[in-house]
Amino acid sequence: MKKSFLKLNAIAGAVLLLASCSHDPNSPGVEYMPDMYRSPAVEAYIDYDNIEESSTRKPVDGTIKYSKEGKAWINMPYAYPATTEGYELAGSELMSPLAMDEMTVAKGQDLYTKFCMHCHGETGMGDGAVVTNGGFPPPPAYNGALKNLPEGKMFHTITYGKGVMGSHASQLNKEERWQVIQYIKVLQNDGEMPGATTSVVE
């Protein structure tokens, strides 16, 4: 009995020894406890007890995103509702946090060219390609019917849209909207920066 047991152990050992051999130099052979060789990769934000749910808690309502540049106001909620009353209130209360200078106007001009010119035209006359080539009704000219439009109403319109113009809040953050408005104010002033003596728009 004892000899049979020893023979059985010897055969089992030989089989295991042969099974663990491999011609692949990168193979570790037979792994009896794989988790000891390779710890399981745990994905961040996954609750493995409830795979459908995130394991981290969501920020509480009203949380303001941190801004490394000290521009937390960009991430603050917009206080005016998408109503006629909100539009009028924004026009009377909302003012640009940016000082008008050549740099903000230049950034605004670049953004205007990318996001606004196709409808409003190069100089804000409402003669963009969407109007001239597409046959859509022209928006009012900036130095005409919109010449005295308050900047708060402009911001509200860019944020929510108005009439046939859709919202641009997903394309332009709050700072970029104000930069565009800086350039629109130049167009409202016949191409000159308010208070300047030289033309900005060529």
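What counts, and where the lines are drawn
- Residues numbered from 1 in each chain as written.
- Predicted model: local features only at pLDDT ≥ 70, side-chain atom pairs only at ≥ 80, totals over all residues.
- Heavy atoms only, no water.
- Helix = DSSP H or I, 4+ residues; strand = E, 2+ residues; numbered from the N terminus.
- Buried < 20%, exposed > 50% of the residue type's maximum accessible area, 1.4 Å probe, protein only.
- Contact = heavy atoms within 4.5 Å.
- Areas by Shrake-Rupley, 256 points an atom, 1.4 Å probe, with all protein chains shown as cover.
- Core = buried A, V, L, I, M, F, W, Y, C linked by side-chain atoms within 4.5 Å.
- Salt bridge = Lys/Arg side-chain N within 4 Å of Asp/Glu carboxyl O.
- Phe/Tyr/Trp six-rings, centres within 6.5 Å; stacked < 30°, edge-to-face > 60°.
- Lys NZ or Arg CZ within 6 Å of the ring centre and 35° of its normal.

J.: Please set out the overall build of the protein chain residue by residue, giving values where relevant.
T.: Along the protein chain, the regular secondary structure elements total 8 helices and 0 strands. When the helices and strands of the protein chain are read in sequence order from the N terminus, they spell out α-α-α-α-α-α-α-α. Residues counted as buried form 28% of the 202 residues belonging to the protein chain. For the protein chain, long-range pairs separated by at least 24 residues make up 51% of all intrachain contacts whose partners lie at least 6 apart in sequence. By element, 58% of the accessible surface of the protein chain is carried by carbon and sulfur atoms, the whole surface being about 14400 Å².

J.: Can you break down the nonpolar core residue by residue, with the values?
T.: Formed by 25 residues in total, the largest nonpolar core has its most connected members in L94, Y112 and V180. Of all the secondary-structure elements, those providing two or more residues to this core are helix 3 (84-93), helix 4 (102-115), helix 7 (151-160) and helix 8 (174-188). In this structure, L94 is in contact with Y78, Y80, L89, E151, G152, F155 and W178, ignoring residues within four places of it in sequence.

J.: Before we move on, can you summarise the pattern of salt bridges with the specific residues and values?
T.: Scanning the entire structure with this criterion turns up 4 salt bridges. K153 is the salt-bridge partner of E88, the closest N and O atoms lying 3.1 Å from each other. Note that E88 is positioned in helix 3 and K153 in helix 7, a separation of 65 residues in sequence. Of the residues examined, E88 reaches a relative accessible area of 42% and is grouped as partly exposed. A relative accessible area of 14% means that K153 is categorised as buried. Among the salt bridges present, the one from K147 reaches D190, with a minimum N-O distance of 4.0 Å. Of this pair, K147 sits in the loop between helix 6 (129-132) and helix 7 while D190 sits in the segment after helix 8, and the two are 43 residues apart along the sequence.

J.: Please give an account of the packing of aromatic side chains that cites residues and values.
T.: Tallied over the full model, the rule gives 6 aromatic pairs. On the numbers, 4.5 Å between centres and 20° between planes, the contact of F155 with W178 is stacked. Remark: W178 occurs in helix 8 and F155 occurs in helix 7; sequence separation between them is 23 residues. Taken as a pair, F155 and W178 share a single burial class, namely buried. What links up through ring pairs into an aromatic cluster is the set Y78, Y80, F155, Y160 and W178. A cation over an aromatic ring shows up here: K162 above the ring of Y87, its NZ or CZ 5.0 Å from the ring centre.

J.: Give me the lowdown on the side chain of H120, citing residues and values where you can.
T.: Note that H120 resides in helix 5 (residues 117-120). Here H120 is in contact with Y112, M125, G126, D127, G128, P139, Y142 and M165, once residues within four sequence places are set aside.

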